[in-house]
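Below, each chain spelled out in residue letters.
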Amino acid sequence: MLSLLFNKYFFPKEAADSVHLIDYEKLWQMGIRGLIFDIDNTLATFDIPTPPEDIIRLLAGLAEKGFGIVMLSNNSEARVKGFCDGLTYSHIWKAGKPGAKGIARALNLLGLDKIQVALIGDQIFTDCLGGNRFGVYTILTKPIAKRDEWTVRLKRWPEKPVLRAYAKREQRHGN
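As the structure is a computational prediction, the values presented were derived from the model and not from experiment. (Residues numbered from 1 in each chain as written. Predicted model: local features only at pLDDT ≥ 70, side-chain atom pairs only at ≥ 80, totals over all residues. Heavy atoms only, no water.)

Just to check I follow, could you spell out the pattern of salt bridges for this structure?
A side chain of one charge can pair with a side chain of the opposite charge when the charged atoms of the two come close. If you walk through the whole model with that rule in mind, you get six salt bridges. Across the salt bridge formed by E77 and K81, the nearest N and O atoms sit 2.9 Å from each other. Placement of both E77 and K81 in helix 4 (residues 77–84) is noted, with a separation of four residues, approximately one turn of the helix. Overall, the relative accessible area of 35% leaves E77 in the partly exposed class. (Salt bridge = Lys/Arg side-chain N within 4 Å of Asp/Glu carboxyl O. Helix = DSSP H or I, 4+ residues; strand = E, 2+ residues; numbered from the N terminus. Buried < 20%, exposed > 50% of the residue type's maximum accessible area, 1.4 Å probe, protein only.)

If you want it as structure tokens, here you go:
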């Protein structure tokens, strides 16, 4: 019963070491047309005020391929607006993940159905849980850095057993 709950709500549909190692071509072939990106420790560490050049290039390349992009963060308006300044993608702050309100707003901005969207982030209890509850395709990335804001550090410890269970499942399935 517990493994079924983990499978449904906490396990991502797939995992990648970083946003650069996601197979976006495969996502396109699956019918994914919109990408919702978490910001902190997914695209950049929480203390970097603007996106690094490699992230700017990645996002531009994805947009050029036809993906719609939205930045979705639980962080403050100042943080998200500052990070997204100069980018042409929609962004949502204080998203309330794992709640559905921010994800629903992102889908509305993308103009897509949930089966056409992937949510990419580094946290089980916000990104994966929120995306899975809402019904979008979830991709878990490894956190970019070991350091986190204190609120996130509190969640990292209980994530460990979920990540171990996910790794064990993936190993059993040969992934």
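Help me understand the packing of helix 5 (residues 101–110) against helix 6 (residues 124–134), please; the structure alone is not making it clear to me.
For any two helices packed against each other, one specifies the inter-axial angle together with the distance between the axes. Interaxial distance between helix 5 and helix 6 falls to 10 Å at its minimum, and their mutual angle equals 65 degrees. Our classification of the angle between helix 5 and helix 6 gives roughly perpendicular. Both helix 5 and helix 6 take part in a crossing whose hand is right-handed. On helix 6, the residues touching I103, A104 and L107 of helix 5 are G130, G131 and F134. Residue classes in the contact of helix 5 with helix 6 are distributed as four nonpolar, two polar and no charged. (Axes fitted to C-alpha atoms, helices over the stretch in contact; angles between N-to-C directions. Parallel < 35°, antiparallel > 145°, perpendicular 65-115°, else oblique. Left-handed = near helix turned anticlockwise from the far one by under 90°. Contact = heavy atoms within 4.5 Å. Nonpolar A, V, L, I, M, F, W, Y, C, P; charged D, E, K, R; others polar.)

Please explain the nonpolar core as it appears in this structure.
Grouped burial of nonpolar side chains is what soluble globular proteins tend to show. Residues Y24, L27, L35, F37 and M71 are the most contacted members of the largest nonpolar core, which totals 27 residues. The set of elements that each furnish at least two residues to this core consists of helix 2 (24–29), strand 2 (34–37), helix 3 (53–65), strand 3 (68–72), helix 4, strand 5 (117–121) and strand 6 (137–141). With four residues, helix 3 is the largest single contributor of residues to this core. For M71, the contacting residues outside a window of four places in its chain are F37, I39, L43, L59, C84, L87, Y89, S90, H91 and I92. Counting 13 residues, the second largest nonpolar core, distinct from the first, contains A106, L107, L119 and V136. (Core = buried A, V, L, I, M, F, W, Y, C linked by side-chain atoms within 4.5 Å.)

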